Amino acid sequence: MKQYIKVIWNKCRDWFVLFCIFAATFSYAMFQGGFVSWFLFYSFLPFGLYAVAVLLYPLKKWNVTRDVKLQPRFAGDHLSYDIHITRSSAFPVYMAAVKEESNLLDQEERTIYPLFQRNAVIPYERSFVERGEYEFFTISIELSDLLGIVKKKAYYPLQQRFIVYPQIHEIDIPFLLAGIEEGKNEVSTGNQSTTLVTGIREYQPGDRLGSIDWKATARKATLISKEFGHYHERSMIIIADVISSLYFEERMSFLASMLIHEETKRKKVDFLLAGDALFSQKTFEQSETDNLLYHLARAQPVNNRAFETEFKSIAIQKQHSFMVIVSQVTGTLIGQIQSKLSLHAKASIIVVKDEGAGLSDEETVIVNGIQSSALTIEVVNIPLPLPFKGSEGGNK
(Lines give C-alpha, C1' and ligand atoms only; values in the text may rest on other atoms or scores of the structure.)
Protein backbone atom coordinates (compact mmCIF):
# COMPACT_ATOMS: atom_id res chain seq x y z
CA MET A 1 0.00 0.00 0.00
CA LYS A 2 2.81 2.41 0.87
CA GLN A 3 4.54 1.68 -2.39
CA TYR A 4 1.32 2.32 -4.32
CA ILE A 5 0.86 5.65 -2.55
CA LYS A 6 4.47 6.55 -3.33
CA VAL A 7 3.93 5.91 -7.04
CA ILE A 8 0.78 8.07 -7.06
CA TRP A 9 2.61 10.84 -5.20
CA ASN A 10 5.54 10.84 -7.64
CA LYS A 11 3.15 11.24 -10.56
CA CYS A 12 1.02 13.97 -8.96
CA ARG A 13 3.66 15.82 -6.93
CA ASP A 14 4.47 18.47 -9.53
CA TRP A 15 0.81 19.14 -10.20
CA PHE A 16 0.16 19.45 -6.45
CA VAL A 17 3.08 21.85 -5.92
CA LEU A 18 2.03 23.94 -8.90
CA PHE A 19 -1.57 24.08 -7.66
CA CYS A 20 -0.44 25.16 -4.19
CA ILE A 21 1.67 28.01 -5.62
CA PHE A 22 -1.19 29.19 -7.85
CA ALA A 23 -3.64 28.98 -4.96
CA ALA A 24 -1.30 30.79 -2.57
CA THR A 25 -0.52 33.69 -4.90
CA PHE A 26 -4.16 34.06 -5.99
CA SER A 27 -5.46 33.93 -2.42
CA TYR A 28 -2.88 36.48 -1.34
CA ALA A 29 -3.96 38.81 -4.15
CA MET A 30 -7.66 38.37 -3.39
CA PHE A 31 -7.39 38.97 0.35
CA GLN A 32 -4.68 41.61 0.22
CA GLY A 33 -6.19 43.45 -2.71
CA GLY A 34 -3.21 45.75 -3.23
CA PHE A 35 -0.98 46.46 -6.22
CA VAL A 36 1.92 44.42 -4.88
CA SER A 37 -0.14 41.27 -4.31
CA TRP A 38 -1.73 41.38 -7.77
CA PHE A 39 1.63 42.21 -9.37
CA LEU A 40 3.09 39.13 -7.68
CA PHE A 41 0.27 36.94 -8.98
CA TYR A 42 0.46 38.21 -12.59
CA SER A 43 4.25 38.03 -12.52
CA PHE A 44 4.11 34.36 -11.60
CA LEU A 45 1.30 33.58 -14.06
CA PRO A 46 3.44 33.18 -17.26
CA PHE A 47 5.98 31.02 -15.39
CA GLY A 48 3.17 28.91 -13.96
CA LEU A 49 1.46 28.48 -17.33
CA TYR A 50 4.78 27.45 -18.91
CA ALA A 51 5.22 24.90 -16.11
CA VAL A 52 1.76 23.50 -16.92
CA ALA A 53 2.73 23.32 -20.60
CA VAL A 54 5.90 21.39 -19.68
CA LEU A 55 3.86 18.85 -17.72
CA LEU A 56 1.47 18.40 -20.65
CA TYR A 57 4.20 18.30 -23.31
CA PRO A 58 4.53 14.85 -25.07
CA LEU A 59 8.23 14.30 -24.34
CA LYS A 60 8.09 10.59 -25.24
CA LYS A 61 7.43 11.50 -28.88
CA TRP A 62 10.98 12.77 -29.29
CA ASN A 63 13.11 10.70 -31.64
CA VAL A 64 16.41 9.85 -29.96
CA THR A 65 19.17 7.85 -31.70
CA ARG A 66 22.81 7.00 -31.00
CA ASP A 67 25.33 7.19 -33.84
CA VAL A 68 28.64 5.45 -33.02
CA LYS A 69 31.31 6.99 -35.23
CA LEU A 70 34.35 5.25 -33.77
CA GLN A 71 33.96 2.05 -31.78
CA PRO A 72 36.94 0.66 -29.84
CA ARG A 73 38.02 -2.91 -30.53
CA PHE A 74 41.19 -3.22 -28.48
CA ALA A 75 42.17 -1.62 -25.17
CA GLY A 76 43.44 1.91 -25.60
CA ASP A 77 41.27 2.65 -28.64
CA HIS A 78 39.15 5.79 -28.95
CA LEU A 79 35.37 5.92 -28.54
CA SER A 80 33.32 8.58 -30.30
CA TYR A 81 29.59 8.79 -30.82
CA ASP A 82 26.76 11.32 -31.09
CA ILE A 83 23.27 11.40 -29.61
CA HIS A 84 20.78 12.84 -32.09
CA ILE A 85 17.52 14.35 -30.80
CA THR A 86 14.73 15.21 -33.21
CA ARG A 87 11.28 16.60 -32.39
CA SER A 88 8.39 17.55 -34.65
CA SER A 89 7.16 20.68 -32.86
CA ALA A 90 8.95 23.92 -32.08
CA PHE A 91 7.71 24.11 -28.50
CA PRO A 92 10.13 26.30 -26.55
CA VAL A 93 12.21 23.98 -24.36
CA TYR A 94 14.22 26.07 -21.95
CA MET A 95 16.42 23.28 -20.59
CA ALA A 96 16.84 19.54 -21.15
CA ALA A 97 19.17 17.30 -19.15
CA VAL A 98 20.37 14.34 -21.24
CA LYS A 99 21.90 11.37 -19.43
CA GLU A 100 23.51 8.31 -20.98
CA GLU A 101 23.20 5.28 -18.72
CA SER A 102 25.92 2.70 -19.31
CA ASN A 103 28.74 0.89 -17.56
CA LEU A 104 31.30 2.78 -19.66
CA LEU A 105 30.69 6.45 -18.96
CA ASP A 106 30.58 7.92 -15.47
CA GLN A 107 26.85 8.63 -15.68
CA GLU A 108 27.69 11.97 -17.23
CA GLU A 109 24.75 14.35 -17.65
CA ARG A 110 24.71 16.93 -20.42
CA THR A 111 22.50 20.01 -20.30
CA ILE A 112 21.24 21.56 -23.51
CA TYR A 113 19.10 24.66 -24.17
CA PRO A 114 17.31 23.92 -27.44
CA LEU A 115 14.62 26.64 -27.13
CA PHE A 116 12.85 26.51 -30.54
CA GLN A 117 15.36 24.22 -32.26
CA ARG A 118 13.95 20.93 -33.48
CA ASN A 119 17.27 19.11 -33.82
CA ALA A 120 20.13 18.72 -31.38
CA VAL A 121 23.38 16.74 -31.47
CA ILE A 122 25.28 15.85 -28.31
CA PRO A 123 28.83 14.51 -28.86
CA TYR A 124 30.38 11.96 -26.50
CA GLU A 125 34.04 11.01 -26.59
CA ARG A 126 36.43 8.92 -24.55
CA SER A 127 40.07 8.95 -25.55
CA PHE A 128 41.04 5.72 -23.80
CA VAL A 129 38.79 2.69 -23.35
CA GLU A 130 40.01 -0.13 -21.13
CA ARG A 131 39.57 -3.85 -21.71
CA GLY A 132 36.12 -5.16 -20.83
CA GLU A 133 32.53 -5.71 -21.85
CA TYR A 134 30.49 -2.53 -22.16
CA GLU A 135 26.81 -1.90 -22.66
CA PHE A 136 24.68 1.15 -23.28
CA PHE A 137 21.31 0.73 -21.58
CA THR A 138 19.09 3.75 -22.07
CA ILE A 139 19.06 7.50 -22.58
CA SER A 140 17.01 9.66 -20.26
CA ILE A 141 15.88 13.24 -20.98
CA GLU A 142 14.50 15.51 -18.27
CA LEU A 143 12.77 18.83 -18.96
CA SER A 144 12.39 21.63 -16.45
CA ASP A 145 10.49 24.89 -16.35
CA LEU A 146 12.15 28.30 -15.99
CA LEU A 147 11.96 28.29 -12.18
CA GLY A 148 12.80 24.62 -11.70
CA ILE A 149 9.46 23.94 -10.01
CA VAL A 150 8.38 20.98 -12.17
CA LYS A 151 10.35 18.30 -14.00
CA LYS A 152 9.31 15.83 -16.66
CA LYS A 153 11.40 12.80 -17.55
CA ALA A 154 11.29 10.23 -20.35
CA TYR A 155 13.41 7.15 -21.09
CA TYR A 156 14.53 5.95 -24.50
CA PRO A 157 15.84 2.34 -24.47
CA LEU A 158 18.79 2.17 -26.87
CA GLN A 159 20.65 -0.97 -25.83
CA GLN A 160 23.99 -1.56 -27.48
CA ARG A 161 26.85 -3.80 -26.40
CA PHE A 162 30.45 -4.14 -27.52
CA ILE A 163 33.59 -5.94 -26.38
CA VAL A 164 37.00 -4.31 -25.95
CA TYR A 165 39.73 -6.93 -26.20
CA PRO A 166 43.17 -6.69 -24.55
CA GLN A 167 45.78 -4.57 -26.27
CA ILE A 168 47.78 -6.38 -28.95
CA HIS A 169 51.59 -6.23 -29.21
CA GLU A 170 54.19 -7.60 -31.59
CA ILE A 171 55.76 -10.57 -29.81
CA ASP A 172 58.14 -13.24 -31.11
CA ILE A 173 55.64 -16.05 -30.59
CA PRO A 174 57.49 -18.69 -32.73
CA PHE A 175 60.56 -18.30 -30.52
CA LEU A 176 58.52 -18.76 -27.35
CA LEU A 177 56.65 -21.80 -28.68
CA ALA A 178 59.84 -23.46 -29.91
CA GLY A 179 60.85 -24.29 -26.33
CA ILE A 180 57.99 -26.74 -25.85
CA GLU A 181 57.32 -27.74 -29.46
CA GLU A 182 60.37 -29.99 -29.62
CA GLY A 183 59.22 -31.88 -26.57
CA LYS A 184 55.73 -32.16 -27.97
CA ASN A 185 56.88 -33.77 -31.22
CA GLU A 186 58.64 -36.56 -29.33
CA VAL A 187 55.52 -37.72 -27.53
CA SER A 188 53.74 -40.96 -28.34
CA THR A 189 50.27 -42.14 -27.33
CA GLY A 190 50.14 -45.28 -25.24
CA ASN A 191 52.00 -48.14 -26.94
CA GLN A 192 51.69 -46.51 -30.36
CA SER A 193 55.02 -46.12 -32.09
CA THR A 194 56.11 -42.65 -33.14
CA THR A 195 56.95 -44.14 -36.56
CA LEU A 196 53.40 -45.37 -37.20
CA VAL A 197 52.37 -43.67 -40.44
CA THR A 198 48.67 -43.07 -41.04
CA GLY A 199 48.94 -41.14 -44.33
CA ILE A 200 50.86 -38.61 -46.38
CA ARG A 201 50.30 -34.95 -47.27
CA GLU A 202 52.13 -32.06 -48.85
CA TYR A 203 54.99 -30.60 -46.85
CA GLN A 204 54.09 -27.66 -44.60
CA PRO A 205 56.52 -25.17 -43.02
CA GLY A 206 57.51 -26.47 -39.61
CA ASP A 207 57.45 -30.19 -40.48
CA ARG A 208 60.52 -32.12 -39.31
CA LEU A 209 62.97 -33.37 -41.94
CA GLY A 210 62.53 -36.84 -40.48
CA SER A 211 58.86 -36.82 -41.43
CA ILE A 212 59.49 -36.32 -45.16
CA ASP A 213 58.57 -39.31 -47.38
CA TRP A 214 61.41 -39.21 -49.90
CA LYS A 215 59.95 -41.91 -52.16
CA ALA A 216 56.64 -40.07 -52.49
CA THR A 217 58.56 -36.79 -52.94
CA ALA A 218 60.50 -38.22 -55.89
CA ARG A 219 57.34 -39.70 -57.38
CA LYS A 220 55.29 -36.47 -57.19
CA ALA A 221 58.16 -33.99 -57.71
CA THR A 222 57.11 -32.04 -54.58
CA LEU A 223 57.91 -32.36 -50.88
CA ILE A 224 55.62 -34.89 -49.19
CA SER A 225 55.42 -35.43 -45.42
CA LYS A 226 54.28 -38.49 -43.53
CA GLU A 227 51.32 -38.18 -41.19
CA PHE A 228 51.59 -39.80 -37.78
CA GLY A 229 48.42 -40.63 -35.91
CA HIS A 230 49.57 -39.22 -32.60
CA TYR A 231 50.37 -35.79 -34.04
CA HIS A 232 46.69 -35.08 -34.36
CA GLU A 233 46.02 -36.28 -30.84
CA ARG A 234 48.57 -33.94 -29.32
CA SER A 235 48.39 -30.24 -28.82
CA MET A 236 50.41 -27.64 -27.01
CA ILE A 237 49.17 -26.84 -23.52
CA ILE A 238 49.41 -23.24 -22.35
CA ILE A 239 48.47 -22.62 -18.72
CA ALA A 240 47.99 -18.99 -17.73
CA ASP A 241 47.69 -17.23 -14.39
CA VAL A 242 44.42 -15.27 -14.44
CA ILE A 243 44.38 -14.90 -10.65
CA SER A 244 47.20 -12.67 -9.46
CA SER A 245 46.65 -8.91 -9.78
CA LEU A 246 50.39 -8.31 -10.32
CA TYR A 247 50.83 -7.21 -13.96
CA PHE A 248 47.36 -8.55 -14.72
CA GLU A 249 46.70 -6.33 -17.75
CA GLU A 250 50.12 -7.18 -19.15
CA ARG A 251 49.31 -10.89 -19.00
CA MET A 252 45.92 -10.39 -20.66
CA SER A 253 47.62 -8.41 -23.42
CA PHE A 254 50.29 -11.08 -23.88
CA LEU A 255 47.70 -13.88 -24.05
CA ALA A 256 45.61 -12.00 -26.62
CA SER A 257 48.72 -11.25 -28.69
CA MET A 258 49.67 -14.91 -28.61
CA LEU A 259 46.15 -16.03 -29.40
CA ILE A 260 45.74 -14.04 -32.62
CA HIS A 261 49.29 -14.70 -33.86
CA GLU A 262 49.46 -16.71 -37.08
CA GLU A 263 51.89 -19.18 -35.51
CA THR A 264 49.40 -20.01 -32.76
CA LYS A 265 46.57 -20.34 -35.27
CA ARG A 266 48.66 -22.75 -37.37
CA LYS A 267 49.39 -25.06 -34.46
CA LYS A 268 47.04 -26.93 -32.19
CA VAL A 269 47.05 -25.15 -28.86
CA ASP A 270 45.02 -25.87 -25.73
CA PHE A 271 44.65 -22.85 -23.45
CA LEU A 272 43.93 -23.42 -19.79
CA LEU A 273 43.16 -20.24 -17.86
CA ALA A 274 43.34 -20.56 -14.09
CA GLY A 275 41.15 -17.77 -12.79
CA ASP A 276 37.89 -17.54 -10.89
CA ALA A 277 37.26 -20.97 -12.40
CA LEU A 278 39.35 -23.18 -14.66
CA PHE A 279 38.57 -22.31 -18.27
CA SER A 280 39.79 -24.66 -20.99
CA GLN A 281 39.56 -23.83 -24.67
CA LYS A 282 41.08 -25.30 -27.81
CA THR A 283 41.95 -22.98 -30.68
CA PHE A 284 41.34 -25.23 -33.66
CA GLU A 285 38.50 -23.10 -35.06
CA GLN A 286 38.01 -19.33 -35.33
CA SER A 287 34.90 -19.55 -33.14
CA GLU A 288 37.00 -21.12 -30.38
CA THR A 289 39.57 -18.33 -30.68
CA ASP A 290 36.81 -15.72 -30.47
CA ASN A 291 35.41 -17.42 -27.37
CA LEU A 292 38.80 -17.27 -25.67
CA LEU A 293 39.27 -13.60 -26.61
CA TYR A 294 35.85 -12.86 -25.11
CA HIS A 295 36.93 -14.59 -21.89
CA LEU A 296 40.15 -12.55 -21.77
CA ALA A 297 38.20 -9.33 -22.28
CA ARG A 298 35.99 -10.02 -19.25
CA ALA A 299 38.57 -11.62 -16.92
CA GLN A 300 39.29 -10.01 -13.55
CA PRO A 301 41.94 -10.87 -10.94
CA VAL A 302 40.98 -13.00 -7.94
CA ASN A 303 42.38 -11.61 -4.69
CA ASN A 304 41.67 -14.46 -2.28
CA ARG A 305 43.43 -17.28 -4.15
CA ALA A 306 46.94 -18.13 -5.29
CA PHE A 307 47.89 -19.43 -8.74
CA GLU A 308 50.10 -22.13 -7.23
CA THR A 309 47.06 -23.63 -5.49
CA GLU A 310 45.14 -23.89 -8.77
CA PHE A 311 48.16 -25.11 -10.74
CA LYS A 312 48.73 -27.93 -8.28
CA SER A 313 45.28 -29.35 -9.04
CA ILE A 314 45.80 -29.31 -12.83
CA ALA A 315 46.47 -32.79 -14.22
CA ILE A 316 48.91 -32.95 -17.13
CA GLN A 317 49.29 -36.18 -19.08
CA LYS A 318 52.60 -37.97 -18.91
CA GLN A 319 55.16 -36.99 -21.54
CA HIS A 320 53.18 -33.87 -22.40
CA SER A 321 55.04 -30.57 -22.75
CA PHE A 322 53.45 -27.34 -21.57
CA MET A 323 53.94 -23.60 -21.11
CA VAL A 324 53.09 -21.63 -17.96
CA ILE A 325 52.42 -17.88 -18.19
CA VAL A 326 52.87 -15.96 -14.92
CA SER A 327 54.24 -12.64 -13.71
CA GLN A 328 56.07 -13.89 -10.62
CA VAL A 329 58.39 -16.85 -10.15
CA THR A 330 58.25 -18.66 -6.82
CA GLY A 331 60.00 -21.72 -5.50
CA THR A 332 56.66 -23.44 -4.97
CA LEU A 333 55.70 -22.97 -8.61
CA ILE A 334 59.07 -24.26 -9.87
CA GLY A 335 58.70 -27.36 -7.71
CA GLN A 336 55.18 -28.03 -8.97
CA ILE A 337 56.23 -27.64 -12.62
CA GLN A 338 59.17 -29.99 -12.19
CA SER A 339 56.95 -32.57 -10.50
CA LYS A 340 54.66 -32.60 -13.55
CA LEU A 341 57.53 -33.05 -16.01
CA SER A 342 58.26 -36.55 -17.26
CA LEU A 343 60.69 -38.16 -19.69
CA HIS A 344 60.95 -36.40 -23.08
CA ALA A 345 58.62 -33.64 -21.90
CA LYS A 346 59.58 -29.99 -21.65
CA ALA A 347 58.16 -26.99 -19.88
CA SER A 348 58.56 -23.27 -20.44
CA ILE A 349 57.78 -20.44 -18.03
CA ILE A 350 56.93 -17.08 -19.58
CA VAL A 351 57.27 -14.29 -17.02
CA VAL A 352 55.22 -11.31 -18.21
CA LYS A 353 56.12 -7.95 -16.70
CA ASP A 354 55.81 -4.26 -17.38
CA GLU A 355 58.16 -2.45 -19.74
CA GLY A 356 61.64 -2.20 -18.25
CA ALA A 357 60.90 -4.58 -15.37
CA GLY A 358 62.98 -7.70 -14.87
CA LEU A 359 63.29 -10.54 -12.42
CA SER A 360 63.62 -9.48 -8.81
CA ASP A 361 66.63 -10.55 -6.75
CA GLU A 362 64.57 -13.30 -5.12
CA GLU A 363 63.32 -14.54 -8.50
CA THR A 364 66.86 -14.49 -9.90
CA VAL A 365 68.09 -16.71 -7.06
CA ILE A 366 65.23 -19.17 -7.71
CA VAL A 367 65.89 -19.27 -11.46
CA ASN A 368 69.64 -19.78 -10.99
CA GLY A 369 68.90 -22.76 -8.77
CA ILE A 370 67.03 -24.66 -11.49
CA GLN A 371 69.00 -27.77 -12.45
CA SER A 372 66.71 -29.28 -15.09
CA SER A 373 67.47 -28.53 -18.75
CA ALA A 374 63.87 -29.42 -19.62
CA LEU A 375 62.63 -26.21 -17.98
CA THR A 376 63.29 -22.86 -19.63
CA ILE A 377 62.34 -19.34 -18.47
CA GLU A 378 61.78 -16.29 -20.63
CA VAL A 379 60.90 -12.76 -19.51
CA VAL A 380 58.53 -10.81 -21.77
CA ASN A 381 57.99 -7.07 -21.24
CA ILE A 382 54.64 -5.62 -22.30
CA PRO A 383 54.47 -1.81 -22.52
CA LEU A 384 51.06 -0.46 -21.57
CA PRO A 385 49.84 3.17 -21.66
CA LEU A 386 49.66 5.17 -18.44
CA PRO A 387 45.86 4.80 -17.93
CA PHE A 388 46.41 1.06 -17.49
CA LYS A 389 49.08 1.56 -14.86
CA GLY A 390 46.69 3.33 -12.54
CA SER A 391 43.77 0.95 -13.07
CA GLU A 392 42.69 -1.51 -10.45
CA GLY A 393 44.20 -4.93 -10.85
CA GLY A 394 46.39 -3.75 -13.70
CA ASN A 395 49.73 -3.77 -12.02
CA LYS A 396 51.55 -3.64 -8.75
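Everything here concerns the structure above.
Not measured: the values here are computed from a predicted model.

What counts and how
Residues numbered from 1 in each chain as written. Predicted model: local features only at pLDDT ≥ 70, side-chain atom pairs only at ≥ 80, totals over all residues. Heavy atoms only, no water. Salt bridge = Lys/Arg side-chain N within 4 Å of Asp/Glu carboxyl O. Helix = DSSP H or I, 4+ residues; strand = E, 2+ residues; numbered from the N terminus. Buried < 20%, exposed > 50% of the residue type's maximum accessible area, 1.4 Å probe, protein only. Patch = residues over 30% accessible without salt bridge, like charges linked within 9 Å, V, L, I, M, F, W, Y side chains within 5 Å. Areas by Shrake-Rupley, 256 points an atom, 1.4 Å probe, with all protein chains shown as cover. Phe/Tyr/Trp six-rings, centres within 6.5 Å; stacked < 30°, edge-to-face > 60°. Lys NZ or Arg CZ within 6 Å of the ring centre and 35° of its normal. Core = buried A, V, L, I, M, F, W, Y, C linked by side-chain atoms within 4.5 Å. Contact = heavy atoms within 4.5 Å. Lys, Arg positive; Asp, Glu negative; His and termini not counted. Expected span 1.5 Å × (residues − 1). Arc of directions from axis to C-beta. Pairing = 2+ DSSP bridges. Axes fitted to C-alpha atoms, helices over the stretch in contact; angles between N-to-C directions.

### Overview of the pattern of salt bridges
Line of reasoning, step 1. Within this structure, the stated rule accounts for 8 salt bridges.
Line of reasoning, step 2. Arg161 is the salt-bridge partner of Glu133, the closest N and O atoms lying 3.0 Å from each other. Linking Glu133 in strand E6 (residues 132-144) with Arg161 in strand E7 (residues 151-164), this pair joins segments that are 28 residues apart in sequence.
Line of reasoning, step 3. Here Arg161 falls in the exposed class, since its relative accessible area comes to 55%.
Line of reasoning, step 4. Because the salt bridges share partners, they merge into one network encompassing Glu133, Arg161 and Arg298.

### Some points on a nonpolar patch on the surface
Line of reasoning, step 1. A surface patch of nonpolar side chains, about 690 Å² in accessible area, is lined by Phe47, Tyr94, Tyr113, Leu115, Phe116, Leu146 and Leu147.
Line of reasoning, step 2. Tracing the chain through its elements places Tyr94 in the loop between strand E2 (79-86) and strand E3 (95-102).

### Comments concerning the packing of aromatic side chains
Line of reasoning, step 1. Inspection of every chain in the model, using the stated rule, returns 18 aromatic pairs.
Line of reasoning, step 2. Between Phe307 and Phe311, the aromatic rings sit 5.8 Å apart at their centres with planes inclined by 35 degrees, giving tilted as the arrangement. Of the two residues, Phe307 and Phe311 both sit in helix H8 (residues 307-312), 4 residues apart, roughly one turn of that helix.
Line of reasoning, step 3. Classification of Phe307 as buried rests on a relative accessible area of 5%.
Line of reasoning, step 4. For Phe311, a relative accessible area of 0% corresponds to the buried category.
Line of reasoning, step 5. Put simply, the rings of Tyr81, Tyr124, Tyr134, Phe136 and Phe162 pair up and form one aromatic cluster.
Line of reasoning, step 6. It is Arg110 that lies over the ring of Tyr124; its NZ or CZ is 4.3 Å from the centre.
Line of reasoning, step 7. Its end group placed over the ring of Phe311, Lys340 keeps NZ or CZ at 5.4 Å from the ring centre.

### Observations concerning the nonpolar core
Line of reasoning, step 1. Of all hydrophobic cores here, the largest spans 38 residues; its most connected members are Trp62, Ile85, Ile141 and Leu143.
Line of reasoning, step 2. When residues of this core are traced back to their parent elements, those giving at least two are helix H1 (2-32), helix H2 (35-56), E2, E3, strand E5 (119-126), E6 and E7.
Line of reasoning, step 3. In terms of residue count, the dominant contributor to this core is H2 (6 residues).
Line of reasoning, step 4. In contact with Ile141, not counting residues within four places along its chain, are Leu59, Trp62, Val64, Ile85, Ala96, Ala97, Val98, Lys152, Lys153, Ala154 and Tyr156.

### What to know about the side chain of Lys340
Line of reasoning, step 1. Mapped onto the secondary structure, Lys340 falls in helix H9 (residues 331-340).
Line of reasoning, step 2. Among buried Asp, Glu, Lys and Arg side chains, Lys340 stands out as unpaired, with Glu310 the closest opposite charge at 11 Å.
Line of reasoning, step 3. Once residues within four sequence positions are removed from consideration, Lys340 is found in contact with Phe311, Lys312, Ile314, Ile316 and Phe322.

### Details of helix H7 (residues 286-298)
Line of reasoning, step 1. With 13 residues, H7 should reach 18 Å at 1.5 Å per residue; the first-to-last C-alpha distance of 19 Å fits that figure.
Line of reasoning, step 2. Every buried residue of H7 is listed here: Thr289, Leu292, Leu293, Leu296 and Ala297. Summarising the axial view, the buried residues of H7 lie within an arc of 145 degrees, below the 170-degree limit, and thus occupy one face.
Line of reasoning, step 3. On the buried face of H7, the contacting elements are E6, E7, helix H5 (248-259), strand E11 (269-274) and strand E12 (278-282).

### Examining the sheet that holds E2
Line of reasoning, step 1. The 3 strands lie next to each other as E1-E2-E5, forming an open sheet whose pairing is antiparallel. Strands at the two margins of the open sheet, each flanked by one partner only, are strand E1 (63-70) and E5. Across the sheet, the mean angle from the axis of one strand to that of its neighbour is 20 degrees, orientation sign disregarded.

### Some details on the environment of Ser360
Line of reasoning, step 1. Topologically, Ser360 is positioned in the loop between strand E14 (347-354) and helix H10 (361-368).
Line of reasoning, step 2. Given a relative accessible area of 34%, Ser360 falls into the partly exposed group.
Line of reasoning, step 3. A sequence separation of 32 residues divides Ser360 from Gln328, and the C-alpha atoms of the two residues are 8.9 Å apart.

### Some details on H5
Line of reasoning, step 1. In a regular helix each residue adds 1.5 Å, so 12 residues correspond to 16 Å; H5 covers 17 Å between its end C-alpha atoms and thus fits that length.
Line of reasoning, step 2. Within H5, 12 of the 12 residues are buried, which leaves it mostly tucked inside the rest of the structure.
Line of reasoning, step 3. Buried residues of H5: Phe248, Glu249, Glu250, Arg251, Met252, Ser253, Phe254, Leu255, Ala256, Ser257, Met258 and Leu259, and no others.

### Observations regarding the sheet that holds strand E15 (residues 375-382)
Line of reasoning, step 1. Taken in spatial order, the 6 strands make up an open sheet running E12-E11-E10-E13-E14-E15, and their pairing is mixed. Both edges of this open sheet fall to E12 and E15, since each of them pairs with a single strand only. Pairs of neighbouring strands in the sheet enclose a mean axial angle of 20 degrees, with direction left out of account.
Line of reasoning, step 2. Pairing between strand E13 (residues 322-326) and E14: 5 bridges, direction parallel. Within E14, the position partnered with Ile325 by the bridge is Ile350.

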